[in-house]
Every structure is written in structure tokens, then in C-alpha cells.
Amino acid sequence: MERREIIEQLQQKILTIQGNQKQTDEQLNIGLGQMESAFPGKIFPRGALHELISFSSEDASCTNGFISVVLGKLMQEKGCCIWISNKRKIFPPALKMFGIDPEHIVFVDTWKTKDILWTIEEAMKCDALTAVVGEIDELSFNDSRRLQLVAEKSKVTGFLHRQHPKTINALACVSRWKVTTLKSSLPGEMPGVGFPNWEIELLKVKNGNPDKWQIQWSSQGLKYITQPKESTGTYKIKIA
């Protein structure tokens, strides 16, 4: 066996131990385009825990939108998801614009943080689910570690949306995201409200490369955009 093959096998074993499960060929690309290149092996980690943070109502809304984009990719084969929160603002019929049938998501509303945490953990133990979304403000490292171990065992992908957290403490998640809203745009500088634009920042990723992107979500799907030039005010858009 060549030295390169030995190194690749050792790297894969390390990634598996850290929660980055090896995917089958049909799972290599879920359709997020450039973002996936930031992850080890250019594969979005499934069966792992992802953290998303937001500090305003506007950013929380676009963060939920981004979560819905990823869920739409993960649930392409009619998978099911549980969405848990104590202040749900998601309008289920609107999920259709992200390619999600609302009836494939079970919404659970609870009041206390400890109840949310317990529900998230119990939901993630169900290997029949594709994903679990939990909206929770505060979370300890030990709690996140327990959830990550559950995800590794059940192979369920978890998303923890932390809105207005008091501290950005270390967690055992494989990635940390921050999504902020950008000014919407329409082709040809047409007046009115355009498609939503977001800045997606991957703040932390195990064995990957943190980066940031500006994207637009429309009826045609995910598109990557660049900063508008001051001289022309135009956007360059690339379909994912």
C-alpha cells in the first residue's frame, strides 16, 4: 500500500471519529455549490450537529430561511424532519418555496429550555428522521457533546439555531454558521422588493476551511452573487 493511501485512510478514520461520517457516492453532493468545498472532502457533514447563531429578528428570519434551503436539499427523497422551538415564527406553507412539503415536518412547541433540549435529544435518537431543527438560546458544551454523540449514532443531521445567545461558548458541533440579511435585488435595477439575499458565514468547521459567501434564493434555486460595484450597482450571479 502506498504512503498516500495510508495517509488518506488515517485521515478518514480521524474524520469519522470527529463526527464526519463517510458518505456513499450518491450523497457526495447535496447541491449547495461552493459552500461544500469548505468541508472535509467537499462533503456537507450529515449525521452531525450544526450550530447557527443570530442576534436580531431579521437575521433570525434569514437564518431559518437558510436552514430551510439545506433541509430542502437533505429531504429531496421525501424525508421527515422535526422542528422544535418555544417561539416558532415559521409559516409552514412558505416552506414550499424551499422545496419542502410542510406535511413532512413535525413542529413541536414547548416553553422551557430544558424541555426543548430534552425534545431535541429524543428526536435525534429516531433514525427514521432526516433532520432535527432545534431553536434554543443557551447550550452548554456537555449538552452539545451529548447531542453530537446521539447524531453520530442515529445518523440524523441536527441544526441548533441559537437566537440572541448571551455568550458564544464552545460547542461540540462540527460547524458554526452566521447568516445575515442583505439588500434584496431585482434584475436591471427594477423597483420593488426582489429575491432575498443573504451573507452566509461559516465561522468554524472541523478540519475544513471557514469562509463566507453571498447568496440569493429565488424560484430558480440557490445562486451565488458578488458585491455590487459602486460604479454600476450591478450584481454578478452564478447558479449553484
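Structure: see above.
Figured I'd write up the structure that's included with this text. (Residues numbered from 1 in each chain as written. Predicted model: local features only at pLDDT ≥ 70, side-chain atom pairs only at ≥ 80, totals over all residues. Heavy atoms only, no water.)

**Topic: helix H2 (residues 57-74)**
Next, step 1: The end-to-end C-alpha separation of H2 is 26 Å, in line with the 26 Å expected for 18 residues at 1.5 Å each.
Next, step 2: Burial of H2 is extensive: 15 of the 18 residues sit out of reach of the surface. (Helix = DSSP H or I, 4+ residues; strand = E, 2+ residues; numbered from the N terminus. Expected span 1.5 Å × (residues − 1). Buried < 20%, exposed > 50% of the residue type's maximum accessible area, 1.4 Å probe, protein only.)

**So, the side chain of Thr 119**
Next, step 1: Within the secondary structure, Thr 119 is located in helix H3 (residues 113-124).
Next, step 2: What makes Thr 119 buried here is its relative accessible area of 16%.
Next, step 3: For Thr 119, the side chain forms a polar contact with the main-chain oxygen of Asp 115, separated by 2.6 Å.
Next, step 4: Setting aside chain neighbours within four positions, we find Thr 119 in contact with Ile 84, Val 108 and Thr 110. (Polar contact = N/O pair within 3.5 Å; in protein donor to acceptor, adjacent residues only side chain to side chain. Contact = heavy atoms within 4.5 Å.)

**Quick word on the environment of Gly 79**
Next, step 1: Tracing the sequence through the fold places Gly 79 in the loop between H2 and strand S2 (81-85).
Next, step 2: Considering only alpha carbons, one finds Gly 79 and Thr 130, 51 residues apart in sequence, at a separation of 5.4 Å.
Next, step 3: Residues within four places of Gly 79 in sequence aside, it is in contact with His 104 and Thr 130.

**A look at the pairing of strand S6 (residues 175-185)**
Next, step 1: Both strand S1 (residues 49-54) and S6 contribute to a ladder of four bridges, which runs parallel. When the sheet's bridge partners are listed, Ile 53 is paired in S6 with Lys 178.
Next, step 2: Inspection of the sheet shows S6 paired to strand S7 (residues 195-205) by nine bridges, in the antiparallel sense. The partner of Thr 181 across the bridge, within S7, is Trp 198. (Pairing = 2+ DSSP bridges.)

**Some remarks on helix H4 (residues 141-154)**
At 3.6 residues per turn, the α-helix brings residues three or four places apart onto the same side.
Next, step 1: For H4, with 14 residues, the first-to-last C-alpha span of 20 Å sits near the 20 Å given by 1.5 Å per residue.
Next, step 2: Within H4, burial applies to Asp 143, Ser 144, Leu 147, Gln 148, Val 150, Ala 151, Glu 152 and Ser 154.

**Quick notes on the packing of aromatic side chains**
Next, step 1: What the rule picks out here adds up to five aromatic pairs.
Next, step 2: Measuring from centroid to centroid gives 5.9 Å for Phe 39 and Trp 177, while their planes differ by 45°, and the two rings are tilted. On the criterion of sequence distance, the pair formed by Phe 39 in the loop between helix H1 (3-17) and S1 and Trp 177 in strand S6 is long-range, its members being 138 residues apart.
Next, step 3: Taken together through their ring pairs, the aromatic side chains of Phe 39, Phe 44, Phe 66 and Trp 177 make up a single cluster. (Phe/Tyr/Trp six-rings, centres within 6.5 Å; stacked < 30°, edge-to-face > 60°.)

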